[in-house]
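# A look at the structure
Residue strings, one per chain:
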Amino acid sequence: METLKTQGFSNLTPQREIIRIKASADTTPQKLRVAGYARVSSDSADQLNSFSAQVNYYQKLIEKNSDWQFAEIYADEAVSGVSIEKREDFNRMLSDCRKGKIDRIITKSTSRFARNTLDGIGVLRELKAMGVTVYFEKEGIDTAKTTGENLLTLYSLFAQEESISISQNCKKGNRMRMQSGTYVSSSTPYGYRLVDKQLQIYEPEAEIVRRIFAEYLDGSSTTCIAQGLMADEIPTKDGRMKWRPQTISIILKNERYVGDMLLQKTYSEDALPYRKQKNKGELPKYYVKNTHEPIVERIQFELANILIKERSTYICSQYGEYPLSRKIKCSECGTTYRRKETKTATYWVCRTHDRNKADCTSQRITQDAVYGAFIRMYNKLKQNYSVILLPMLDQLEKLQMAQQRNNPQLNTLNKQIAELSEQNHVMTGLLSSGILDSALFISQTDELNRKIRALKLAKARLLEENQADGLTDKTEDLIETLENGPASISEMDETLLADMVAKIIAHDAKSINFILANGLVLTERL
């Protein structure tokens, strides 16, 4: 430190001193925090080996560069690149970039990063704004360079066209196999397992399917059956202890339980992002009989489906004899409305008002008015659910993910599942290279998969206690009901009312609030 003296203004003024403080900050260049991203879009053995190889490659590549600091390897397995929504590790990587944990990302190619141009460019622009660069090895594109984004747009377009071409070829091949009766569906219903491209009965679940059909034919509603399964702590196929009436209804209507297959119930749009649509006659359907072993007798299946058509309400539902029973609440006093009939119409009236008009001034409303309001509400929501419910679901999922990240018990379960999954990859690699005997491979992987299922079951139970998770499930159910429901309705559909509406608040004879299953409130005039 040096002291410099300067001339003062007068003899009475103290002499000015300037003290120079030497720079002490560390000027050593900071290492670049680098992450790798890998993805494979199939769960075949070859792709699993590729997946494991990519993870190992990027980790070694980053660690051997003295100017780089290893951040993390993010990897999504058996997930399509058409949309980023279902890629958990990709979204986790973006979240870490926003938190300032990553400076640079290395990935194999543009098609591994994204096959949707809008998604790909949108993410890259966001990363660039945060100062995070991306290097694509195959194309030699670096977003740190000024020409990178222009070149990347071109490559992403090529990747998108490739995706569309592959999709169209796959659709054509699938439809040809449907016509010839040789198509094998990759979706496996509850009660079956896919073994050597054939559906084989999985007896522990098949017994539950038989129980569902037997109870429904004995008079139980889908709601009562679902409640009974949860009371007996019977897990669903994904290990969760939550059975829904919609799930029971899907099982009862699924022709696969009598050994048949109805093909092309749904189809994917030709344009990205390939949204799946219910086939309402746009494309031919193919009904193939006796494709696999049945779980229930054909007569049981046919009787159950006749009964479904005849029932317009839940038979033993807790909500009462009529679709609106215990659903309508008075906004003035909170009392439940009751049903009353006259010679000309059916009304619903506040019980308190009905007993003594001085205690509550609410007015009665006609059942036809409530039904008309529901029809209008459904038709409007059906047309606009993508801008109402999908953003809501997105926010709930983000809240759910935030709560999960802050849950140490959940983090431990995720870590254990990841470790066991990595062991599975290693075993697959040893089998492919001929080091491991196939019999030993089967026994070892069976044990690993058993442990993974147990951990996932524990995780599912933990998530069920999460409030955000519960609202997420209800919102997903509501979206599923709308997606599978009719494009519009002109008459009252009591099943839709039961599935969608939890409560109705009557304000007066002019308007009511529909409180949907996920808590969303929609107002309709009467």
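Above: the structure in question.
Let us look at the structure shown here. Note that the structure is a prediction, hence the values are computed from the model and not measured.

About the thresholds
Residues numbered from 1 in each chain as written. Predicted model: local features only at pLDDT ≥ 70, side-chain atom pairs only at ≥ 80, totals over all residues. Heavy atoms only, no water. Helix = DSSP H or I, 4+ residues; strand = E, 2+ residues; numbered from the N terminus. Buried < 20%, exposed > 50% of the residue type's maximum accessible area, 1.4 Å probe, protein only. Contact = heavy atoms within 4.5 Å. Areas by Shrake-Rupley, 256 points an atom, 1.4 Å probe, with all protein chains shown as cover. Pairing = 2+ DSSP bridges. Axes fitted to C-alpha atoms, helices over the stretch in contact; angles between N-to-C directions. Salt bridge = Lys/Arg side-chain N within 4 Å of Asp/Glu carboxyl O. Core = buried A, V, L, I, M, F, W, Y, C linked by side-chain atoms within 4.5 Å. Phe/Tyr/Trp six-rings, centres within 6.5 Å; stacked < 30°, edge-to-face > 60°. Lys NZ or Arg CZ within 6 Å of the ring centre and 35° of its normal. Parallel < 35°, antiparallel > 145°, perpendicular 65-115°, else oblique. Nonpolar A, V, L, I, M, F, W, Y, C, P; charged D, E, K, R; others polar. Patch = residues over 30% accessible without salt bridge, like charges linked within 9 Å, V, L, I, M, F, W, Y side chains within 5 Å. Polar contact = N/O pair within 3.5 Å; in protein donor to acceptor, adjacent residues only side chain to side chain.

## Concerning the overall build of the chain
- When helices and strands are counted, the chain shows 15 helices and 20 strands.
- Split into buried and exposed, the 526 residues of the chain put 40% on the buried side.
- Pairs at least 24 apart in sequence give 61% of the contacts found in the chain among residues at least 6 apart.
- When the accessible surface of the chain is summed, it comes to about 30100 Å², and 50% of that surface belongs to carbon and sulfur atoms.

## Section: the sheet that holds strand S18 (residues 501-506)
- Read across the sheet, four strands follow the order S14-S18-S19-S20 without closing on themselves; strand pairing throughout is mixed. Taken across any chain shown, the strands that pair with only one partner, and hence form the sheet edges, are strand S14 (328-330) and strand S20 (521-525). Strand-to-strand twist across the sheet, computed as the mean angle between neighbouring axes with direction ignored, equals 30 degrees.
- Here S18 pairs with strand S19 (residues 511-516) via five bridges, running antiparallel. For Lys 503, the partnering residue across the bridge sits in S19 and is Ile 515.

## Examining the environment of Phe 514
- By secondary structure assignment, the location of Phe 514 is in strand S19.
- In this structure, Phe 514 is in contact with Val 370, Ala 373, Phe 374, Met 377, Val 501, Lys 503, Ile 504, Leu 520, Val 521, Leu 522 and Glu 524, ignoring residues within four places of it in sequence.

## Thoughts on the pattern of salt bridges
- By the definition in use, this model includes 18 salt bridges.
- Arg 92 is the partner of Asp 89 in a salt bridge, and the nearest nitrogen-oxygen pair spans 3.1 Å. Separated by three residues within a single helix, Asp 89 and Arg 92 lie in helix H2 (residues 88-98), roughly one turn from each other.
- In this structure Asp 89 comes out as buried when scored by relative accessible area, which is 16%.
- Classification of Arg 92 by relative accessible area gives partly exposed; the value is 31%.
- For Asp 354, the salt bridge is made with Lys 340, and the minimal N-O distance between the two is 3.1 Å. Of this pair, Asp 354 sits in helix H10 (residues 351-355) while Lys 340 sits in strand S15 (residues 337-341), and the two are 14 residues apart along the sequence.
- The class of Lys 340 is partly exposed, set by a relative accessible area of 36%.
- Beyond isolated ion pairs, a larger network of salt bridges with shared partners links Glu 72, Asp 89 and Arg 92.

## Side note on the sheet that holds S15
- Ordered in space as S15-S16-S17, the three strands form an open sheet in which the pairing is antiparallel. Of all the strands in the sheet, the pair left with one neighbour each is S15 and strand S17 (365-366).
- As defined by bridge partners, S15 adjoins strand S16 (residues 346-350) across five bridges and the pair is classed as antiparallel. Opposite Tyr 337, over in S16, you have Cys 350 as the bridge partner.

## With respect to unusual backbone geometry
- The phi dihedral of Glu 233 falls on the positive side, at around 55 degrees, and the residue is not glycine.
- One non-glycine residue, Arg 326, adopts positive backbone phi at about 65 degrees.
- With respect to the helices and strands, Arg 326 occurs in the loop between helix H9 (298-310) and S14.
- Look at Arg 326 and you get exposed, because its relative accessible area is 58%.

## Things to note about the pairing of S20
- Here S20 shows a clear split, with Leu 522 and Glu 524 buried on one side and none of Val 521, Thr 523 and Arg 525 buried on the other.
- In the sheet, S19 pairs with S20 via five bridges, with the strands oriented antiparallel. Paired with Ile 515 across the bridge in S20 is Val 521.
- The hairpin turn running from S19 into S20, its antiparallel successor, is four residues long, and Gly 519 in that turn takes a positive phi close to 95 degrees.

## Observations regarding the nonpolar core
- Judged by nonpolar contacts, the single largest core of 34 residues is most densely connected at Phe 374, Met 500, Val 501, Phe 514 and Leu 516.
- Put simply, the parts of the chain that give this core at least two residues each are S14, S16, helix H11 (367-405), helix H14 (467-484), helix H15 (494-500), S18 and S19.
- Considering each element in turn, this core owes the most residues, eleven residues, to H11.
- Phe 374 has contacts with Ile 489, Met 492, Asp 493, Leu 496, Leu 497, Met 500, Val 501 and Phe 514, leaving out every residue within four places of it along the chain.

## Comments concerning the packing of aromatic side chains
- Inspection of the entire model under this criterion finds seven aromatic pairs.
- Between the aromatic rings of Tyr 192 and Tyr 257, the centroid separation amounts to 6.1 Å while the plane-to-plane angle is 25 degrees, which identifies the pairing as stacked. Here Tyr 192, found in strand S8 (residues 192-195), pairs with Tyr 257, found in the loop between helix H8 (245-253) and strand S10 (261-263); they are 65 residues apart in sequence, far enough to count as distant. No difference in accessibility class separates Tyr 192 from Tyr 257, as the two residues are buried.
- Following the ring pairs from residue to residue traces out a cluster consisting of Tyr 192, Phe 213, Tyr 257 and Phe 301.
- One Lys or Arg, Arg 193, reaches over the ring of Tyr 202 and ends 4.1 Å from the middle of that ring.
- The cationic tip of Arg 364 hangs over the ring face of Tyr 347; the distance from NZ or CZ to the ring centre is 3.7 Å.

## As for the packing of helix H6 (residues 203-217) against H8
- With their axes 10 Å apart at the nearest point, H6 and H8 run at an angle of 95 degrees to one another. With respect to H8, the element H6 is oriented roughly perpendicular. Here Val 209, Ile 212, Phe 213 and Tyr 216 of H6 come into contact with H8, specifically with Ile 248, Ile 251 and Leu 252.
- Per-class residue counts for the contact of H6 with H8 are seven nonpolar, no polar and no charged.

## Quick look at a nonpolar patch on the surface
- Together, Leu 217, Ile 299, Leu 303 and Ile 306 make up an exposed nonpolar region whose accessible area comes to about 340 Å².
- Of all the elements, H9 adds the most residues to the nonpolar patch, at three residues.
- Among the structural elements, Leu 303 can be located in helix H9.

## A look at the side chain of His 353
- With respect to the secondary-structure elements, His 353 resides in helix H10.
- The class for His 353 is buried, based on a relative accessible area of 14%.
- Residues in contact with His 353, not counting those within four places in the same chain, are Cys 360, Thr 361 and Ser 362.

## A look at the environment of Glu 126
- With respect to the helices, strands and loops of the structure, Glu 126 is situated in helix H4 (residues 117-129).
- Accessibility expressed as a relative area gives 31% for Glu 126, which makes it partly exposed.
- Along the backbone, Glu 126 and Leu 94 are 32 residues apart, and their C-alpha atoms lie at a distance of 9.3 Å.
- A distance of 2.7 Å separates polar atoms of two side chains, one belonging to Glu 126 and the other to Arg 98.

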